[in-house]
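# A look at the structure
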Amino acid sequence: MTVLVTGGAGYIGSHMVLALRDAGREVVVLDNLSTGFRWAVHPEAAFVEGDCGDEALLGKVIREHGVDAIVHFAGSIVVPDSVADPLGYYLNNTVRSRALIAAAVANGVPRFLFSSTAAVYGDAKESPIVEAAPLDPVSPYGTSKLMTEMMLRDTARAHPLKYVALRYFNVAGADPAGRSGQSSPRATHLIKVATQAALGERTHLDVFGTDYPTPDGTCLRDYIHVSDLARAHVLALDYLAAGGESTVFNCGYGRGYSVLEVIEAVKRVSGVDFPVNHAPRRAGDPAALVAGAGRIRETLGWKPEFDHLDTIVAHALAWERSLAARRQAAE
Ligand SMILES: NC(=O)c1ccc[n+]([C@@H]2O[C@H](COP(=O)([O-])OP(=O)(O)OC[C@H]3O[C@@H](n4cnc5c(N)ncnc54)[C@H](O)[C@@H]3O)[C@@H](O)[C@H]2O)c1
Ligand SMILES: O=c1ccn([C@@H]2O[C@H](COP(=O)(O)OP(=O)(O)O[C@H]3O[C@H](CO)[C@H](O)[C@H](O)[C@H]3O)[C@@H](O)[C@H]2O)c(=O)[nH]1
C-alpha cells in the first residue's frame, strides 16, 4: 500500500518522504511545484506534477497507486501574504483541501494526516498552549487551516475516514544526513534567515520587536526539528492504522527560545558575528508560542531525537552551506 504525500517537493513534505522511505513505505508525491522543487522529490518516490484541488487527477492517482493514506502538506504558508490575499489563501488552503478530502472519501482512503499550525490558537492567553485552548486565529492563514481541521472533523463523523491534524509550532533544521532542508530563497523564518546572515548571504538580521512582555523583550517560540516532526507523522500513521481515533496533536518540544537566544545560537554554532539591528514589531506576531506537548508523547510514544537548539541550528547551517555550493556549481 502507498502513502500519497501532497506538497512532497516542499520543505517539510520532502522530510516526510525521507522518513517514509527510511521506514520502507511506498510513496507517491503530488505537488504543483509552486514553492517546491522537482529535485527535492525523493528519487524512490513516484512523482505527479499537479494540483491537490484537482479531484479527477486525485481519484486517478489514488486508484492507480493503491493509496491507503494521505499526508497533506500542500498549501500556502506566509502569514503576511495571507493578510494581503485572504481569498488566495482560502482557495489554496481550504477549497483545495476540500477537494482532496472529497477524493479521499470517494475512493475509500481510510487515513488522513493534515499539516495544521499553532496559528489556529491566535494570540493565546496561556503558555504553554494545550490542544484544548481556545481556537481564535488572527490571520487568514490560521483561519484557512482551522477551516480544514473542521472539514476533517465533520467528514470523519459522516464517513469511514480517520484523521490526525498536527499543529506545528516553529519548524526548523534540516535532515541530519544532508539530504533535504529549507530551500526557498524567499523564506522568512528566523533560523533560516539567521543562517543566511551568518554565511554572508544577507547583510544583517532585523529583530522584530524588543518590547514584548518576555524575559529579554523578544518573542518566544518553540522550535521543532523537521526530522523529529516527520517521524511524528510516521507514528501518527501507525496510530491510525492500529485503530486510533481521530485527533489533534501539538507538535513542539514544550520549551520557548527568544529571538535573541536563537541569534546567539546561530553566532555560536557558525562562529560568525553578523550585524543585528533592532527593528519595530512585525504585524501579527504573538509574544509567546510554546506548545503544551504532552499529548503527542503520551499517545504516540514520540520521543524527539534533536531537542537541542544548537543541533537544529547546526543542521540548518549545514544545509544552507550545501545550497550555496549547489548554486556555485550551477554558475
Ligand atoms: N514551515 C513551518 O514552520 C510550518 C508551520 C506550521 C504549519 N506548516 C504547514 O506545513 C505545510 C508544509 O509547509 P512547508 O514549510 O514545507 O512549505 P513549502 O512551501 O516548502 O511546501 C509546500 C509545498 O506544497 C506545494 N503546493 C502548494 N500549493 C499546492 C497545490 N495547490 N497543489 C499541489 N501542491 C501545492 C508547494 O509547491 C510546496 O512544494 C504547509 O501546509 C504549512 O501550512 C508549516
Ligand atoms: O528576520 C526575522 C525573522 C523572524 N523574526 C522573529 O522571529 C520569531 C519567529 O518568526 P518566524 O517567521 O521564524 O516564525 P513565526 O513564529 O512567525 O511563524 C511560524 O508560526 C506560525 C504560527 O504562528 C505559522 O505556523 C508559520 O508558518 C510558522 O513559520 C518571530 O518573533 C519573528 O518576529 C525576527 O525577529 N527577524
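An unreviewed UniProt entry lists the protein under the name UDP-glucose 4-epimerase, from Chelatococcus sambhunathii. Under the UniProt heading Cofactor (unreviewed entry), the entry covering the protein gives this text: "NAD(+)".

### What to know about the packing of helix H6 (residues 190–198) against helix H10 (residues 309–330)
Two elements in contact, H6 and H10, have axes separated by 9 Å at closest approach and are oriented at 60°. Regarding the angle of H6 to H10, the classification is oblique. For the crossing formed where H6 meets H10, the hand is right-handed. Note on element contacts: H10 touches H6 through Leu-309, Ile-312, Val-313, Ala-316, Leu-317, Glu-320 and Leu-323, opposite Ile-191, Lys-192, Thr-195, Gln-196 and Ala-198. Tallied by class, the residues present in the contact of H6 with H10 amount to 8 nonpolar, 2 polar and 2 charged.

### A closer look at the sheet that holds strand S12 (residues 257–258)
Pairing is mixed across the open sheet formed by 3 strands, whose spatial order is S12-S9-S14. A strand with exactly one partner marks an edge of an open sheet, and here the two such strands are S12 and strand S14 (288–289). Strand direction decides the pairing type here: strand S9 (residues 220–221) and S14, joined by 2 bridges, are parallel. The residue of S14 that forms the bridge with Leu-220 is Ala-288.

### Some remarks on the site of ligand 2
Taken together, 20 residues lie near ligand 2, and Thr-117, Leu-190, Asp-206, Arg-282 and Asp-285 sit nearest. A distance of 2.9 Å separates an oxygen atom of ligand 2 from a polar side-chain atom of Asn-170. A distance of 2.7 Å separates a nitrogen atom of ligand 2 from a polar atom in the backbone of Asp-206. Protein coverage of the free-state accessible area of ligand 2, which is 690 Å², stands at 90%. Of all the elements in the fold, those that place two or more residues in the shell around ligand 2 are H6 and strand S8 (205–208). Broken down by element, the shell around ligand 2 gets its largest block of residues, 4 residues, from S8. Within the shell around ligand 2, the residues separate by chemical class into 12 nonpolar, 4 polar and 4 charged. Formed jointly, the shell around ligand 2 draws a minimum of three residues from each of two domains, domain 1 (2–172 + 222–251) and domain 2 (190–221 + 254–290 + 306–330).

### A word on the site of ligand 1
Around ligand 1, the structure places 29 residues, and the nearest of them are Asp-31, Thr-35, Asn-92, Tyr-141 and Lys-145. In this structure, an oxygen atom belonging to ligand 1 sits 2.8 Å away from a main-chain N or O atom of Tyr-11. Asn-32 is positioned with one of its backbone polar atoms (N or O) 3.1 Å from a nitrogen atom of ligand 1. For ligand 1, whose accessible area on its own is 830 Å², the fraction buried by protein is 96%. Listing elements by their share of the shell around ligand 1, those giving two or more residues are helix H1 (11–22), helix H4 (86–106), strand S5 (111–117) and helix H5 (140–158). In terms of residue count, the dominant contributor to the shell around ligand 1 is S5 (3 residues). Class assignment for the residues of the shell around ligand 1 results in 12 nonpolar, 13 polar and 4 charged.

### Notes on empty space enclosed by the protein
The probe, sized like a water molecule, is rolled over the atoms to show the empty space still left. Taken as a whole and judged by the stated rule, the model has 1 cavity of 30 Å³ or more. Considered as a void within the structure, the largest cavity measures approximately 40 Å³ in volume. Residue lining of the largest cavity: Tyr-223, Tyr-253, Arg-255, Tyr-257, Asp-307, His-308, Leu-309 and Ile-312, and that is the complete set.

### A short note on the environment of Asp-54
Along the chain, the position of Asp-54 falls in the loop between strand S3 (46–49) and helix H2 (55–65). Its relative accessible area of 33% is what places Asp-54 among the partly exposed residues. When the C-alpha positions of Asp-54 and His-204 are compared, they lie 42 Å apart, and in sequence the two are 150 residues distant.

Definitions and limits used
- Residues numbered from 1 in each chain as written.
- Chains lettered and ligands numbered in written order.
- Predicted model: local features only at pLDDT ≥ 70, side-chain atom pairs only at ≥ 80, totals over all residues.
- Heavy atoms only, no water.
- UniProt positions renumbered as here; feature names shortened; annotations may be inferred.
- Axes fitted to C-alpha atoms, helices over the stretch in contact; angles between N-to-C directions.
- Helix = DSSP H or I, 4+ residues; strand = E, 2+ residues; numbered from the N terminus.
- Parallel < 35°, antiparallel > 145°, perpendicular 65-115°, else oblique.
- Left-handed = near helix turned anticlockwise from the far one by under 90°.
- Contact = heavy atoms within 4.5 Å.
- Nonpolar A, V, L, I, M, F, W, Y, C, P; charged D, E, K, R; others polar.
- Pairing = 2+ DSSP bridges.
- Near = heavy atom within 4 Å.
- Polar contact = N/O pair within 3.5 Å; in protein donor to acceptor, adjacent residues only side chain to side chain.
- Areas by Shrake-Rupley, 256 points an atom, 1.4 Å probe, with all protein chains shown as cover.
- Domains from an automatic or database assignment.
- 1 Å grid on protein atoms, 1.4 Å probe; cavity = no way out; pocket = protein on both sides within 12 Å on 5 of 7 lines; lining within 4 Å.
- Points joined across faces, edges and corners; volume = space filled by probe spheres on them.
- Buried < 20%, exposed > 50% of the residue type's maximum accessible area, 1.4 Å probe, protein only.

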